[in-house]
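Residue strings, one per chain:
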Amino acid sequence: MQKTIQEVLKDIKARKYAPIYVIHGDESFFIDQMADAFEEQVLTESEKSFNQFVLFGKDQTMGSVISYARRYPMMADKQVIIVKEASFLEALAKGKEAKGNEDMKAWEDYCARPTESTLLVFTIKSLVNEKAKILTLLEKNGVVVCSKKVKDGQVGSWLKDYLAQHKLGIQAASLELMVSYVGTDLQRMAHEADKLIVNCPAGAEIGPEEVEKYVGISREYNVFEYQAALMQRNVAKAQKIAFYLADNTKQNPLPILLATLFGTFSKVLMVHDLGSLSDNELAKEIGVNPYFVRDYVTAKRNYPIAKVVRMLEAIKNADLKFKGIIGAAESDRDILMDLSFELLHL
């Protein structure tokens, strides 16, 4: 049976469990979140001592895990076995059966007749083909959860929902600031959001002041303000921020800056191609909050399509310089300052 992450988390709170769970995917944040929920919420602290086992796939075999699973709990209704990064199960999914059919047969037998008093959880930090036999065998007695990577344009929505779960709102500009600063790493984003959750009262709306105070992102000198200055073609402001970013590349990593700029001006190129649309239609097409659509329209007016193409080439070349693929070795500071000058004077 296929279920979503939220459905399973809801089931755990309602104490509704399947005998077997396989959680797989390329977004490790959600996989870890679910494993933690099983580890923390199923058994009481007194029950965990004898009835909860957290194992790692590299140290186990299919046979050893099933041997654990066939045991009965001690002084509890259930035992919980969590196998993190179950490499032996991943190998079966890919058809790599090192022991012939023994592991697959053991898996088939257990899926057909699981121990009802055992809650068995496997995590695999890669996407498994949904038609793989190890998953189809769970149709009757198990649950499959796929944790897919959140797309770049969806990170803001995810952060807004994450804060809302803790009764916090966030202003559109602050949301964009967080996304520009942190990028698509949900583990890091959750870490930064938790700082806001701990320090801001329930019901508050997060503004730039809170982001600066608790997350440490300057309201004036950040990637978000830099790209806004570029889009407005405000040369003085853009250069001023560029100097700050160049002198603080540890806090403002060049790869994140380049990825943000490339994404931004790729959207400006899309605005050129889309022609006349309403703000809401344009926001939907390019995947941005309607609050910021006017910035992209301004950039379209400031930069003809041929110039936008050259800007994207300049950003790409800066990325190749950073990776050491083209040009002589340069510091991150020099690469950023050269790029900033080029973008503003093409």
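What you see is a predicted model; the values in this text were computed from it and never measured.

1. Comments concerning the packing of helix α1 (residues 5-13) against helix α2 (residues 28-41)
Contact geometry for α1 and α2: axes closest at 10 Å, N-to-C directions at 10°. Viewed along their axes, α1 and α2 adopt a mutual orientation that is roughly parallel. Here α1 contributes Ile 5, Val 8, Leu 9, Ile 12 and Lys 13 to the contact with α2, which in turn contributes Phe 30, Gln 33, Met 34, Ala 37, Phe 38 and Gln 41. Split by residue class, the contact of α1 with α2 holds 8 nonpolar, 2 polar and 1 charged.

2. Here we look at the sheet that holds strand β4 (residues 79-84)
Strand order across the open sheet formed by 6 strands is β1-β6-β2-β5-β4-β3, with parallel pairing between neighbours. Among the strands making up the open sheet, the edge pair consists of β1 (2-3) and β3 (52-56). Alignment of strand β2 (residues 20-25) against strand β6 (residues 142-147), held across 6 bridges, turns out to be parallel. Following the sheet pairing, Val 22 is matched in β6 by Val 144.

3. Side note on the nonpolar core
One finds Phe 38, Trp 158, Met 178, Tyr 226 and Phe 265 to be the most contacted residues of the largest nonpolar core, which totals 86 residues. Contact partners of Trp 158, with chain neighbours within four places excluded, come to Phe 29, Phe 30, Leu 186, Met 189 and Ala 190. Ranked by size, the runner-up nonpolar core spans 26 residues in total, among them Met 104, Tyr 110, Cys 111 and Val 128.

4. Quick look at the UniProt feature "domain: DNA polymerase III delta subunit-like C-terminal" (unreviewed entry) in the protein
The UniProt entry lists residues 221-323 under the feature "domain: DNA polymerase III delta subunit-like C-terminal" (unreviewed entry), expressed in the numbering used here. Counted over residues 221-323, helix gives 78% and strand 0%. Its end C-alpha atoms are 25 Å apart.

5. What about the side chain of Thr 118?
As for its position among the elements, Thr 118 is in strand β5 (residues 118-124). Thr 118 gets classed as buried once you look at its relative accessible area, which sits at 0%. Aside from chain neighbours lying at most four places away, what touches Thr 118 is Pro 19, Ala 69, Arg 71, Gln 79, Ile 81 and Tyr 110.

6. Re the pairing of β5
Most of β5 sits out of view: 7 of its 7 residues are buried. Here β5 shows a buried face lined by Thr 118, Leu 120, Phe 122 and Ile 124 and a second buried face lined by Leu 119, Val 121 and Thr 123. Direction of pairing for β4 relative to β5: parallel, over a ladder of 5 bridges. The residue bridging Val 80 from the neighbouring strand is Leu 119, located in β5.

7. Quick look at α1
Of the positions making up α1, those classed as buried are Ile 5, Val 8, Leu 9, Asp 11 and Ile 12. Angular distribution of buried residues about the axis of α1 spans 160°; they occupy a single face of the element. When the buried face of α1 is taken as reference, the exposed residues oriented beyond 90 degrees from it are Gln 6, Lys 10 and Lys 13. Buried-residue contacts for α1 involve β1, β2, α2 and β6. Positive backbone phi, approximately 60°, marks Arg 15, located one or two places after α1.

Basis of the calculations
- Each residue is numbered by its place in its chain's sequence as written, counting from 1.
- It should be noted that, the model being predicted, local features are given only for residues of pLDDT at least 70 and side-chain atom pairs only at 80 or more, the latter also being counted only at that level, while totals for whole chains, interfaces and linings use all residues.
- Side-chain metrics in this entry use all non-hydrogen atoms of the structure; hydrogen atoms and water are not considered.
- For every element, the axis is a line fit to its C-alpha atoms; helices are fit only across the contacting stretch, and the angle between N-to-C directions ranges from 0 to 180 degrees.
- A run of DSSP states H or I qualifies as a helix once it reaches four residues; a run of E qualifies as a strand once it reaches two. Both are numbered from the N-terminal end.
- To sort the angles, those under 35 degrees are grouped as roughly parallel, those over 145 as roughly antiparallel, those from 65 to 115 as roughly perpendicular, and the leftovers as oblique.
- By definition in these notes, contact holds between two residues if any of their heavy atoms fall within 4.5 Å.
- In this classification, Asp, Glu, Lys and Arg are treated as charged, Ala, Val, Leu, Ile, Met, Phe, Trp, Tyr, Cys and Pro as nonpolar, and every other residue, Gly included, as polar.
- One requirement defines pairing of two strands: DSSP has to find at least two bridges between them.
- The set of buried Ala, Val, Leu, Ile, Met, Phe, Trp, Tyr and Cys residues whose side-chain atoms join them within 4.5 Å is what this entry labels a nonpolar core.
- For every residue, the accessible area obtained with a 1.4 Å probe (protein chains only) is divided by the maximum for its type, and the residue is called buried under 20%, exposed over 50%, and partly exposed between those limits.
- UniProt positions are given in the numbering used here, feature names are shortened, and annotations may be inferred rather than shown by experiment.
- In this description, the arc belongs to the directions extending from the helix axis to the C-beta atoms.

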